[in-house]
Amino acid sequence: MDRDQYVHVRGSRVHNLRAVDVDVPRDALVAFTGVSGSGKSSLAFGTLYAESQHRFLESVAPYARRLLQQAGVPDVDSVTGLPPAVALEQRRSVPSARSSVGTITTLSNSLRMLFSRAGHYPPGAPRLDSDAFSPNTAAGACPRCHGQGVVYEATEDSLVPDPGLTIREGAVASWPGAWQGKNLRDILAVLGHDLDVPWRDLPAEQREWILFTDEQPVVTVHPEREPGRIQRPYQGTYSSARRLVLHAFADSKSESARRRAGRFLHADPCPVCGGRRLRPEALAVTFEGYGIADLAAMPLRDLAGLLRPHTASEGPAGVLSKDLVARLDVLSELGLGYLAIGRPAPTLSGGELQRLRLGTQLRSGLFGVVYVLDEPSAGLHPADIEALVEVLGRLRSAGNSVFFVEHDLDVVRQATWIVDIGPGAGVHGGRVLYSGPVEGLARVPESVTGRHLFDDRRAVPREPRRPRGWLKLRGASRNNLRDLDADVPLGVLTVISGVSGSGKSSLLEELAEHATGRIVRVDQQPIGRTPRSNLATYTGLFDVVRKLFAATEAARERGYDAGRFSFNVAGGRCETCKGEGYVSVELLFLPSTYAPCPDCHGARYNPETLEIVYRGRTIAEVLGLSVDDASAFLADVPTAERPLRALRQVGLGYLRLGQPATELSGGEAQRVKLASELQRTGRGHTIYLLDEPTSGLHPADTVVLMRQLEALVEAGNTVVLAEHDPAVLAVADHLLDLGPGGGDEGGQVVAQGTPAEVAADPASRTGPYLRGRLGGGGAFPAGDDR
């Protein structure tokens with residue numbers, strides 16, 4: 001290939017990369033591989049995409065250029081031959097509740113246009129603009145529920161769960177605590193209400209007024225005297241319990257306050273729109289006999305089938321139907337045909353979100369750009385992998401370059417070029433072990449990826465364990481599960497398999513709700529919503545480290561306690577960034593970006609705090625250590641050694657102690673939770689439920705994780721996984737295979753038994769992929785695979 005057809009990276013030092021030099025071909029499918037934490041994302045996203053974004057900002061306007069120094073640029077000597085880049089990441093942030101499959105893909109816009117231009121209107125009804133079909137606009141939102149589809153209402157039962165309590169004892173559970181609650185009680189006493197009679201014995205009209213009145217009387221309150229405090233009379237305003245809880249739910253900026261208020265409200269379908277979120281005039285318009293809310297609730301593949309006959313029509317109906325069908329077919333190809341346009345975005349997995357954006361890009365018509373993808377196979381059943389590779393190939397055929405970080409070896413084998421980073425994670429990685437055609441990686445003995453890519457990795461035979469009992473689930477009906485019966489063995493490793501959307505996660509939720517005994521649900525939800533939450537705070541390590549610093553002689557001399565070493569409170573933190581380590585940079589007409597704090601340069605602490613050292617390191621430097629390095633640094637501190645060992649056991653030795661929760665993938669967050677559980681003592685007879693725990697894991701790291709799960713089973717626990725990885729399925733004691741398809745075509749047990757029994761069952765779509773992994777039974781090979 002001509003040298004000018006390459007992207008040339010020289011001297012990249014992003015994160016753990018060691019002054020990396022590499023040449024990557026354009027107009028190719030390029031896989032970036034390596035164990036978790038090896039540095040592949042640092043090269044693909046932190047270097048290549050970040051440099052492309054930097055150049056874009058540099059070309060926009062003087063205003064943006066002025067902020068580039070603040071916004072930061074990748075630590076690299078040079079990148080040449082780089083076209084514009086588009087990143088399709090598995091975003092860690094939670095999308096808005098009003099965001100949906102339709103808004104992410106812009107399918108909603110086309111569907112609204114179809115109803116506006118080609119819908120069937122009632123006689124005499126005026127034609128509506130497309131905005132009238134959106135629940136997110138004033139023109140379209142139902143006036144009763146404001147486009148939410150549900151109304152929240154407070155009732156006496158929800159506000160007063162225990163009517164045997166008096167007002168003074170806290171009968172009105174929804175009232176705020178502390179002074180605000182006392183204020184409300186004092187006002188009621190001034191108004192003549194008895195605070196010491198059980199709620200149920202108060203007259204009905206008094207109970208009604210206290211909870212639901214629209215009046216807001218102002219009275220003079222004379223607080224009870226307290227020793228040592230001077231409390232003067234004040235004017236107090238009464239608000240009903242209903243008014244207060246609805247205000248907190250709708251207007252509070254605190255997520256915890258909104259969550260607390262929600263506990264005292266009932267959510268019911270809106271009586272005006274019936275949960276369909278739109279004004280009556282928009283709901284009266286139909287297409288093929290369906291309202292827009294009906295089509296938005298239909299699986300994408302069924303919607304494409306309904307619109308397909310109209311693609312040959314003349315006029316707006318034909319043009320819009322043709323566009324919609326083409327885009328819907330791409331999403332179905334990507335294994336997303338079970339989703340609906342109206343499916344709320346917060347209910348989607350990171351892999352589903354990324355594939356929705358991938359399908360949208362395929363129809364964008366862009367060419368000559370680099371697409372940078374983050375594990376495009378995440379959440380995909382092996383049956384859907386071929387379609388994914390086909391879509392990636394079409395992006396390349398359209399004149400683009402496709403760079404993707406990937407662990408699934410079936411996807412990696414389809415690449416035209418591979419860049420393998422390693423050999424290990426964190427400080428043990430960061431080198432390019434190989435860059436070239438895939439088959440050449442077989443000649444690199446250092447490469448862990450190569451060993452898994454070319455070796456025969458079939459399961460080692462062993463007899464499945466015998467259950468010590470059964471958990472029998474009957475009539476499960478959640479999401480697409482329809483009156484499902486399932487028997488889950490206790491004391492063994494069970495894997496729930498099936499194509500994407502078949503109901504695996506729903507079955508885990510049912511088990512979590514109905515199983516008796518100690519249940520530990522280890523999901524992929526973030527361990528924190530802000531950068532202030534991190535690995536150290538979640539596992540309790542931060543408390544240990546802060547106490548170590550507070551116990552130093554220098555800290556004692558200055559009177560610094562453990563609180564001084566927290567970046568979450570005033571005192572020791574940097575006040576410029578309030579302990580965040582970065583500041584927001586506002587760019588006109590562009591999304592806000594974040595830059596290292598100009599005062600602490602990302603350290604999060606003020607200079608005085610950073611003068612205190614423990615074993616030669618500041619608190620910021622200790623938080624910057626990887627788990628592996630911290631294990632050596634704190635080896636003689638028992639309270640630190642236990643959580644650090646647990647994190648290493650689940651393959652997270654490469655993460656930094658202070659790594660923000662927002663930077664962790666779903667799989668990493670899940671393994672942090674598992675590590676927190678592993679450090680507990682006295683385990684046994686617990687049911688562990690995990691949803692795709694190998695997501696984001698290199699095959700070598702999967703081996704490490706599975707050994708820990710096997711150890712949990714050997715200790716007398718039950719482990720139930722929802723999984724796609726055939727290597728994991730092959731080592732299960734028992735399989736429950738759901739399907740046969742996704743969405744409304746799933747939700748049934750199509751095969752069950754040992755891996756060999758499911759592999760031989762013709763009804764299972766998982767079976768053919770399992771057969772190639774079986775050497776007769778199931779256990780991962782012994783020994784350290786790295």
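Procedures and definitions
Residues numbered from 1 in each chain as written. Predicted model: local features only at pLDDT ≥ 70, side-chain atom pairs only at ≥ 80, totals over all residues. Heavy atoms only, no water. Helix = DSSP H or I, 4+ residues; strand = E, 2+ residues; numbered from the N terminus. Rg over C-alpha atoms; globule rule 2.2 N^0.38 Å. Buried < 20%, exposed > 50% of the residue type's maximum accessible area, 1.4 Å probe, protein only. Contact = heavy atoms within 4.5 Å. Domains from an automatic or database assignment. Phe/Tyr/Trp six-rings, centres within 6.5 Å; stacked < 30°, edge-to-face > 60°. Salt bridge = Lys/Arg side-chain N within 4 Å of Asp/Glu carboxyl O. Axes fitted to C-alpha atoms, helices over the stretch in contact; angles between N-to-C directions. Parallel < 35°, antiparallel > 145°, perpendicular 65-115°, else oblique. Left-handed = near helix turned anticlockwise from the far one by under 90°. 1 Å grid on protein atoms, 1.4 Å probe; cavity = no way out; pocket = protein on both sides within 12 Å on 5 of 7 lines; lining within 4 Å. Points joined across faces, edges and corners; volume = space filled by probe spheres on them. Arc of directions from axis to C-beta. Pairing = 2+ DSSP bridges. Polar contact = N/O pair within 3.5 Å; in protein donor to acceptor, adjacent residues only side chain to side chain.

Caption draft 1: Geometry of the overall build of the protein. When helices and strands are tallied, the protein shows 31 helices and 25 strands. Computed over the C-alpha atoms, the radius of gyration of the protein is 29 Å, within 12% of the 28 Å expected from 2.2 N^0.38 for a compact globule of 786 residues. In the protein, buried positions account for 53% of the 786 residues. In the protein, of all internal contacts separated by at least 6 residues, the share reaching a separation of at least 24 is 68%.

Caption draft 2: Focus on the domain arrangement of the protein. Segmentation of the protein into domains returns domain 1 (6-92 + 348-454), domain 2 (101-149 + 271-334), domain 3 (152-269), domain 4 (469-526 + 682-773) and domain 5 (535-663). The centre of domain 2, based on its C-alpha atoms, is set 44 Å off from the matching centre of domain 3.

Caption draft 3: Local environment of the packing of aromatic side chains. One pass over the structure, following the stated rule, counts 12 aromatic pairs. Between Y6 and W417, the ring centres sit 5.9 Å apart and the planes meet at 75°, which makes this aromatic pair edge-to-face. Of this pair, Y6 sits in strand 1 (residues 6-12) while W417 is found in strand 14 (residues 417-422), placing the two residues 411 residues apart along the sequence. Owing to a relative accessible area of 12%, Y6 belongs among the buried residues under this scheme. The exposure class assigned to W417 is buried, which follows from its relative accessible area of 14%. Judged by centre distance (5.9 Å) and plane angle (50°), the ring pair of F549 and Y614 falls under tilted. One end of the pair, F549, is in helix 21 (residues 541-550); the other, Y614, is in the loop between helix 23 (607-610) and helix 24 (619-623), and 65 residues separate them in sequence. The exposure classification of F549 matches that of Y614, with both residues buried. Connected via pairs of aromatic rings, a cluster forms that spans F549, Y560, F565, Y614 and F633.

Caption draft 4: Broad picture of the pattern of salt bridges. Under the definition given, this model contains 32 salt bridges. The partner of E641 in a salt bridge is R645, and the shortest N-O contact between them spans 2.7 Å. Taken together, the positions of E641 and R645, both in helix 26 (residues 638-649) and 4 residues apart, correspond to about one turn of that helix. Here the salt bridges do not stand alone but share partners, grouping R465, E710, E714 and D733 into one network.

Caption draft 5: Structural detail: the environment of V370. Summarising the element assignment, V370 is placed in strand 12 (residues 370-374). Ignoring any residue separated from it by four or fewer positions in sequence, one finds V370 in contact with L82, P83, P84, A85, V86, S401 and F403.

Caption draft 6: Broad picture of the packing of helix 27 (residues 666-678) against helix 28 (residues 699-714). Put simply, helix 27 and helix 28 touch, their axes get as near as 12 Å, and they point 40° apart. Overall, the two elements helix 27 and helix 28 adopt an arrangement that is oblique. Crossing hand, helix 27 versus helix 28: left-handed. Contacts between helix 27 and helix 28 involve R671, L674 and L678 on the former and, on the latter, L705, Q708, L709 and L712.

Caption draft 7: Spotlight on empty space enclosed by the protein. Tallied over the full model, the rule gives 1 cavity of 30 Å³ or more. One number sums up the size of the largest cavity: a volume of about 30 Å³. T105, L107, R327, L331, G359 and T360 are the residues that line the largest cavity. Mapped by element, the contributors of at least two residues to the lining of the largest cavity are helix 14 (315-333) and helix 15 (350-362).

Caption draft 8: The arrangement of helix 13 (residues 300-307) in detail. Within helix 13 the residues assigned to the buried category are L300, L303, A304, L306 and L307. Around the axis of helix 13, the buried residues are gathered within 160° of arc, so they sit on the same side. Those residues of helix 13 hidden inside the fold are in contact with helix 4 (101-105), helix 5 (107-118), strand 10 (286-287), strand 11 (290-291), helix 12 (292-296) and helix 14.

Caption draft 9: Seen up close, the sheet that holds strand 2 (residues 20-25). Spatially, 3 strands are ordered 2-1-4 in an open sheet, and the strand pairing comes out antiparallel. Each edge of the open sheet carries a strand with a single partner, namely strand 2 and strand 4 (76-80). Neighbour to neighbour, the strand axes of the sheet diverge by 5° on average, direction disregarded. Pairing analysis gives 4 bridges linking strand 1 to strand 4, with the strands arranged antiparallel.

Caption draft 10: Quick peek at the sheet that holds strand 19 (residues 518-522). Pairing is mixed in the open sheet, where 6 strands are placed in the order 19-22-23-18-24-25. Each edge of the sheet is formed by a strand with only one pairing partner; in this case those strands are strand 19 and strand 25 (748-753). Geometrically, the sheet is characterised by an average inter-axis angle of 15° between neighbouring strands, direction not taken into account. Across 5 bridges, the pairing between strand 24 (residues 734-739) and strand 25 is antiparallel.

Caption draft 11: Expanded view of unusual backbone geometry. Of note, the amide linkage connecting G422 to P423 takes the cis form, showing an omega dihedral of 5°. In this structure, P423 sits in the loop between strand 14 and strand 15 (431-436). Between G739 and the following residue, P740, the backbone shows a cis peptide bond with an omega angle of 5°. With respect to the secondary-structure elements, P740 resides in the loop between strand 24 and strand 25. Not every positive phi belongs to a glycine, and T106 is a case in point at roughly 65°.

Caption draft 12: Spotlight on the side chain of H407. Looking at where H407 falls in the secondary structure, it is placed in the loop between strand 13 (401-405) and helix 17 (409-412). Within polar-contact distance, the side chain of H407 engages the backbone nitrogen of H698 at 3.3 Å. Look past the residues within four positions of H407 in its chain and what remains in contact with it is G34, S36, K40, E375, G696, L697, H698 and P699.

Caption draft 13: A look at helix 21. Burial within helix 21 is extensive, with 8 of its 10 residues counted as buried. Contact partners of the buried residues in helix 21: helix 20 (535-539), helix 22 (553-558), helix 24 and helix 26.

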